[in-house]
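Next come the chains, spelled out residue by residue.
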Amino acid sequence: MIERLARATLRLYPLGFRRRYEPEMLALLEDRPVGALGLLDLLWGAVRAHIRPPGSLAAQVSPDERVRLSASGVLLYWVLFAAAGFGYYKTTEDVPFSRAGHAHPLLGVAHAAVQALALIGSGAVLLGAGPLIALALARARREPAWRRMVWRAVWPVLGFLGLSAGLVALAHSGWRGSAGTVGHGLAIALSLLGLGCGAACVLACRRALLGLPVPARWLRNALVWATVAAAAMGLMAVMVAIYAAGLLSEAAGLASVGNGPFGLVSIGASLIAQLAAMTVLGALAAAAAARGWRRVRQPGAGETV
Amino acid sequence: MRYIGERPSDPSVLVLTSLADGPKHGYAITADVERFAGVRLGPGTLYGALSRLEDRGLIEPLPAEDRRRPYRLTAAGSEALQRELEVLRAVAGQGLDRLRVAEARR
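So, here is what we can say about the structure in this document. (Residues numbered from 1 in each chain as written. Chains lettered and ligands numbered in written order. Predicted model: local features only at pLDDT ≥ 70, side-chain atom pairs only at ≥ 80, totals over all residues. Heavy atoms only, no water.)

## Focus: the overall build of chain B
Using the following cut-off: Numbering of helices and strands runs from the N terminus, with a helix taken as a DSSP run of H or I at least four residues long and a strand as a DSSP run of E at least two residues long. We call a residue buried when its accessible area falls under 20% of the maximum for its residue type, exposed when it is over 50%, and partly exposed in between, using a 1.4 Å probe and counting protein chains only. Should any heavy atoms of two residues lie within 4.5 Å, those residues are counted as being in contact. For the area figures, the Shrake-Rupley method with a 1.4 Å probe applies, and any residue is considered shielded solely by the protein chains shown. Charged residues are defined narrowly, with Lys and Arg counted positive, Asp and Glu counted negative, and His plus the chain ends left uncounted. For the purpose of locating charges, the reference atoms are NZ of Lys, CZ of Arg, CG of Asp and CD of Glu.
The helix and strand tally for chain B stands at four helices and two strands. In sequence order, the secondary structure elements of chain B are arranged as α-α-α-β-β-α. With the principal axes as the frame, chain B shows a C-alpha extent of 60 × 25 × 20 Å. Each of the 106 residues in chain B was classed as buried or not, and the buried ones make up 41%. Looking at chain B alone, contacts between residues at least 24 apart form 47% of all its contacts between residues at least 6 apart. As displayed, chain B has an accessible area near 6200 Å², and 52% of this comes from carbon and sulfur atoms. Put simply, chain B has 17 plus and 15 minus side-chain charges, and the middle of one group is 4 Å from the middle of the other.

## A short note on the interface of chain A and chain B
Short version of the rule: Simply put, the buried area is the total loss of 1.4 Å probe accessible area from both parts when two parts are fitted together. Salt bridges are defined as contacts in which a side-chain nitrogen from Lys or Arg sits within 4 Å of a carboxyl oxygen from Asp or Glu.
Opposite the 24 residues of chain A that make contact, chain B presents 23 residues. Where chain A abuts chain B, roughly 2000 Å² becomes buried across the two surfaces, and 50% of that area is made up of carbon and sulfur atoms. On the chain A side of the interface with chain B, the three residues burying the most area are A:Glu24, A:Leu28 and A:Arg32, jointly 32% of the side's total. For the pair chain A and chain B, the number of links is five salt bridges.

## Section: the state of the cysteines
All names here are of chain A. Let me state the cut-off plainly: Here, two cysteine sulfur atoms that lie within 2.5 Å of each other are counted as a disulfide.
Overall, the coordinates contain zero disulfides over all chains when judged by the stated rule. There is no disulfide at Cys-197, and the cysteine sulfur nearest it, in Cys-201, is 9.0 Å away. Looking at Cys-205, it has no disulfide partner, and the nearest cysteine sulfur is the one in Cys-201, 4.2 Å off.

## Examining the pattern of salt bridges
Under the counting rule described, the total for this entry stands at 18 salt bridges over all chains. Here B:Glu54 and A:Arg20 are joined by a salt bridge, their closest N and O atoms 3.0 Å apart. With one member in each of two chains, B:Glu54 in helix α3 (residues 43-55) and A:Arg20 in helix α2 (residues 15-31) form a pair that bridges those chains. On the accessibility criterion, A:Arg20 (12% relative accessible area) is buried. Taking the shortest distance from any N to any O, the salt bridge between A:Arg68 and A:Asp64 comes out at 2.9 Å. Separated by four residues within a single helix, A:Arg68 and A:Asp64 lie in helix α4 (residues 63-91), roughly one turn from each other. This pair shows no difference in class: A:Arg68 is buried, exactly as A:Asp64 is.

Keep in mind that these numbers describe shape and distance, not what the molecule does.
Shown next as structure tokens:
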């Protein structure tokens, strides 16, 4: 089991790193199987390879592939950002927050701005990914191999929708346990499964995008919308910061109330954690988009279709 | 002053030391490091160090044997390792001397 996980973890390394070192790393894993600590070491290695990629490995990835990786990277950060955003929405959806928003205009404006930016970001993701999805579907109609690849992205989406429907049905069923320990535990488990579905979908899309012949202008279009989504993420983080600061100073009583399943952390602490996640993910998305634009301007970019 | 590693047990220093007596591939490096330093390098740490060292021109890959690719020190790598080990020897000597003096005072 751990051996399979270790081999799967290699897929989390940057493409250039994989192309250069994956065969050797697989050989090492065969010669010297790893345990749980070795698996964590591989995971940390993947994180480091993304944060500080060796410069010489850039040549392993063509400018065209770099643009595709940037677009799919922004999509991955968007999905993770959406999870943090959903947490923010659930934290601030109740009536006392609406009252606080009416009493303190800054809170109301920041909250409305987050929602508007979420719509803009979602629209940008759909506009960027739409043509590529249409292209993949058209190819899937002709080629069985591509049909399987498309289904790999569709299954997690269907799984996520099924989970969400189950959660909503459970919440409205009147089942007493939904507000108790079992219900809270179930909510956490379903949230984690939902996050897993999102990540699986993005990884499948990334794989499909790397193998799909795409007209250069469509790829550029995807990068433009990815940049819009990254900008929306950055602005949302700013708005959540304003909201959190406003709530902590103007409605301190509300900020200290317990939040989430089991109420283990206060609303203020939840908002700060959500803000931290949004800031990091927004910065990563901006960096991914910037890397894409740097490669678009390089000779050779966009020639492969 | 440019450092190879941040501490004596830094993976980069361990890998360079392992390659000092000849080329080795990934498995041979980890086995060797475990033998002489008592440190087991995980695959992520090992290939992170190899990629950084290769990037800095301190080691170079040789043609792969099956999927196992040996690495060897470059001239720059030998010089860098020499400098690093001399610093470590000076630090170790200083530390041991000071401990001896402190011991004698007690």
